[in-house]
Amino acid sequence: ALQPDDDCDSNTATTRTQTIVSSNRHHTGTTCEKKLEDGTITVLEFFNLFSIDFVIHNPRHSVLPGRLLADTDTTPLDLLKDKYISRPKQTVYEKDVQTLAEQMEGRKYRMQDLNKPLKTVNRSVWEEVKHFTEKELKSFGAKLKERNNFFRKKSKVQSHEMKEVLYGNLVLANLEEQQKLMGTIDQADEMIQSLDGCIGELEAELDAVEEKGAEDTPGLKSLQEEMSKVTATLADNDRQISELDLGKKKNSSDLNRLIAETRNLQSHIDMLMTSVYFQGVFYLLLYEKMLKIHLFYFIRVNEWRLEEKDDANKDNCSVYTFLHRTLFLWLVYEKTNGNDADSRSGKKITTISFKFNLNEGKSQSHASLVHKLVSQYIEGEASWVEKYPTIRHVPQLLHDVSLVVSRCRLVGEELRLLKMWGSLRFDILDISCSETQVHVVFSSLKKYCRFEVVFTARLTNQLCVFHVQSFKNLIGSTTIQQIEDIVASLSPGKNLFTKIIKKLHETLLS
């Protein structure tokens, strides 16, 4: 804007101001004209030139219904509504009104600037506006109205955001009161059940007194029932005595038959012993063949696989693999000079060793847990060679190790399936494994609860069992005692961990 100087410039500014003021406020033309010229016009009068006003809404205080406040003709239902609905809602509204009042108190001092001269509040604007032409003053007023509309809309957005916070607090208060009310209802239901049990016991005692008579004199019905019980007991004893007599006669005949068969078999044994020297080699070869068949059978139905080895170590060691070649079993035999069947079948085992070959960085967490459990079993057996000393004990060794490996592998399969489908069926938010620990986080929107349980897995009598190591309640009222009672109620067996998860879901989350 141009800065006017001398009397001529002052007269020109006065003329322009008179024109604008007369077009906006006809009833205050001369007064506003002089005030704008001499700098005594207030900020409020300056905004009125452009039809800009300010409206401050006072906060609305929430009160309870008049009927409850008067405390007349109230019913128990009205009192419950007052306690669990109206009062919590009023508390939220009171906090919101207090917050709004504090914000208004902080902004009142800005409203005092409306009654101050524009020259004092913003001298640069006053000096520039008083020299505007009519066209420039209209353009300035239009832009000022645009800014005023922008701030009105922004204040409405802030108001809606504050309402959103208020309604969120109302919903949260309602949920908290709903949980308290549900807890009270559960306590009342337990008390009613206890009273029903007491009433039932009292009625049963009254019926017993009526049937058995008063004081020391029994009733006729009681005597008749006791007589019937004694008669039935005598008849049952007679029946058992007759059955024992029949069984004794049958056992006697069976004993005579077994004695005759024993004598017959003894004669056959004597005949066979005469030819045992000539048939020794045949039986040794037959034993070796049966051993190979037995080993082949174990290969097909058990967890282990026989590894191929070079010709140099073919007779002195054997290598078996488990869990997709991640566990190796090495058997080293003593060297023998003879090659007959007797020496091979009685060959002693000098070394039994295990080697794990699992890449924990690339494998899944449940696979590491399976290997940790198998490692516990292997370390728990102190003397493997003493327990399985010869090659004849190899099938039993493979059977025992396969049994443990199979059960541990099934536990890993359970964890894999629960990680895949547990969120849909059992409200599992997360499941992970670390060493022999299984971390499970449950979350149920239906029960409004969330808690974390850490289970510890270990082998007991070649069976995998689980114990609660730690518990952390995040939302709700679940306790560690409830978890431990559910775990203790299930005995070790197939799919034990899945049964624990299923029962936890049915008891605490459904």
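For clarity, every value in this text was computed on a predicted model and none was experimentally measured.

Rules used in this analysis
Every chain is numbered on its own, with residues counted from 1 as its sequence reads. With pLDDT at 70 or above as the cut-off, local features in this predicted model cover only qualifying residues; side-chain atom pairs require 80 or more to be listed or tallied, and sums for whole chains, interfaces and linings still use all residues. Hydrogens and water molecules were not included; the side-chain quantities draw on all heavy atoms of the structure. Secondary structure counts use DSSP, requiring at least four H or I residues in a row for a helix and at least two E residues in a row for a strand, with both numbered from the N terminus. For a helix, the expected span equals 1.5 Å multiplied by the residue count minus one. Relative accessibility under 20% of the residue-type maximum defines a buried residue, over 50% an exposed one, and the middle range a partly exposed one, all with a 1.4 Å probe and only protein chains included. Strand pairing follows a simple DSSP-based rule, namely that at least 2 bridges must link the two strands. Only heavy atoms enter the contact rule, under which two residues are in contact if any of them lie within 4.5 Å. Throughout, an axis means a line fitted to C-alpha atoms (over the contacting stretch in the case of helices), and angles, computed between N-to-C directions, take values from 0 to 180 degrees. Each angle gets one of four labels, with under 35 degrees taken as roughly parallel, over 145 as roughly antiparallel, 65 to 115 as roughly perpendicular, and the rest as oblique. Left-handed is the label given to a crossing in which the near helix is rotated counterclockwise from the far helix by less than a right angle, and right-handed is the label when the rotation is clockwise. Asp, Glu, Lys and Arg are counted as charged, while Ala, Val, Leu, Ile, Met, Phe, Trp, Tyr, Cys and Pro are counted as nonpolar; the rest, among them Gly, fall into the polar class. This arc corresponds to the set of directions leading from the helix axis out to the C-beta atoms. In this analysis, rings of Phe, Tyr and Trp, with Trp reduced to its six-membered ring, are considered paired at centre separations within 6.5 Å, and the interplanar angle assigns stacked below 30 degrees, edge-to-face beyond 60, and tilted for intermediate values.

## Digging into helix H16 (residues 496-509)
Turning to step 1, where the next piece is worked out: Over its 14 residues, H16 extends 19 Å from the first C-alpha to the last, a length consistent with the 20 Å expected when each residue adds 1.5 Å.
Turning to step 2, where the next piece is worked out: For H16, every residue scored as buried is listed here: Leu-496, Phe-497, Ile-500, Ile-501, Leu-504, His-505, Leu-508 and Leu-509.

## Thoughts on the sheet that holds strand S1 (residues 305-306)
Turning to step 1, where the next piece is worked out: Reading across from one edge, S1-S2-S3-S4 is the order of the four strands in this open sheet, with antiparallel pairing throughout. One side of each edge strand has no neighbouring strand; the edge strands of this open sheet are S1 and strand S4 (349-356).
Turning to step 2, where the next piece is worked out: With seven bridges connecting them, strand S3 (residues 327-333) and S4 associate as antiparallel partners. Looking at the pairing, Val-332 lines up with Thr-351 of S4.
Turning to step 3, where the next piece is worked out: Relative to S4, helix H12 (residues 365-380) is tilted by about 155 degrees, and along the sheet it contacts S3 and S4.

## Concerning the packing of helix H15 (residues 480-488) against H16
Turning to step 1, where the next piece is worked out: Where H15 contacts H16, the axes come no closer than 10 Å and their chain directions differ by 135 degrees. As summarised for this structure, H15 and H16 are arranged oblique, according to the angle between their axes. In this structure, the crossing between H15 and H16 has a hand that is right-handed. Between H15 and H16, the contacting residues are Gln-482, Ile-483, Ile-486 and Val-487 on the first element and Ile-500, Lys-503, Leu-504, Thr-507 and Leu-508 on the second.
Turning to step 2, where the next piece is worked out: Here the residues of the contact of H15 with H16 are counted per class, giving six nonpolar, two polar and one charged.

## A look at H15
A turn of α-helix holds 3.6 residues, and therefore any two residues three or four places apart point the same way.
Turning to step 1, where the next piece is worked out: Residues of H15 that are buried include every one of Ile-483, Ile-486 and Val-487, and no others. All buried residues of H15 lie within an arc of 100 degrees about the axis, which places them on one face of the element.
Turning to step 2, where the next piece is worked out: Contacts made by the buried residues of H15 are with strand S7 (449-460), strand S8 (463-475) and H16.

## Overview of the packing of aromatic side chains
Turning to step 1, where the next piece is worked out: Tallying each qualifying case throughout the model produces nine aromatic pairs.
Turning to step 2, where the next piece is worked out: Centre to centre, the rings of Phe-150 and Phe-151 are 5.4 Å apart; their planes meet at 70 degrees, and the pair counts as edge-to-face.
Turning to step 3, where the next piece is worked out: Judged by its relative accessible area of 43%, Phe-150 falls in the partly exposed class.
Turning to step 4, where the next piece is worked out: Accessibility expressed as a relative area gives 45% for Phe-151, which makes it partly exposed.
Turning to step 5, where the next piece is worked out: Their ring planes at 40 degrees and their centres at 5.8 Å tell us that Phe-451 and Phe-471 sit as a pair that is tilted. One end of the pair, Phe-451, is in strand S7; the other, Phe-471, is in strand S8, and 20 residues separate them in sequence.
Turning to step 6, where the next piece is worked out: Phe-451 sits in the buried class, given a relative accessible area of 0%.
Turning to step 7, where the next piece is worked out: Here the aromatic residues Phe-354, Tyr-377, Trp-384 and Tyr-388 are joined through ring pairs into a cluster of three or more.

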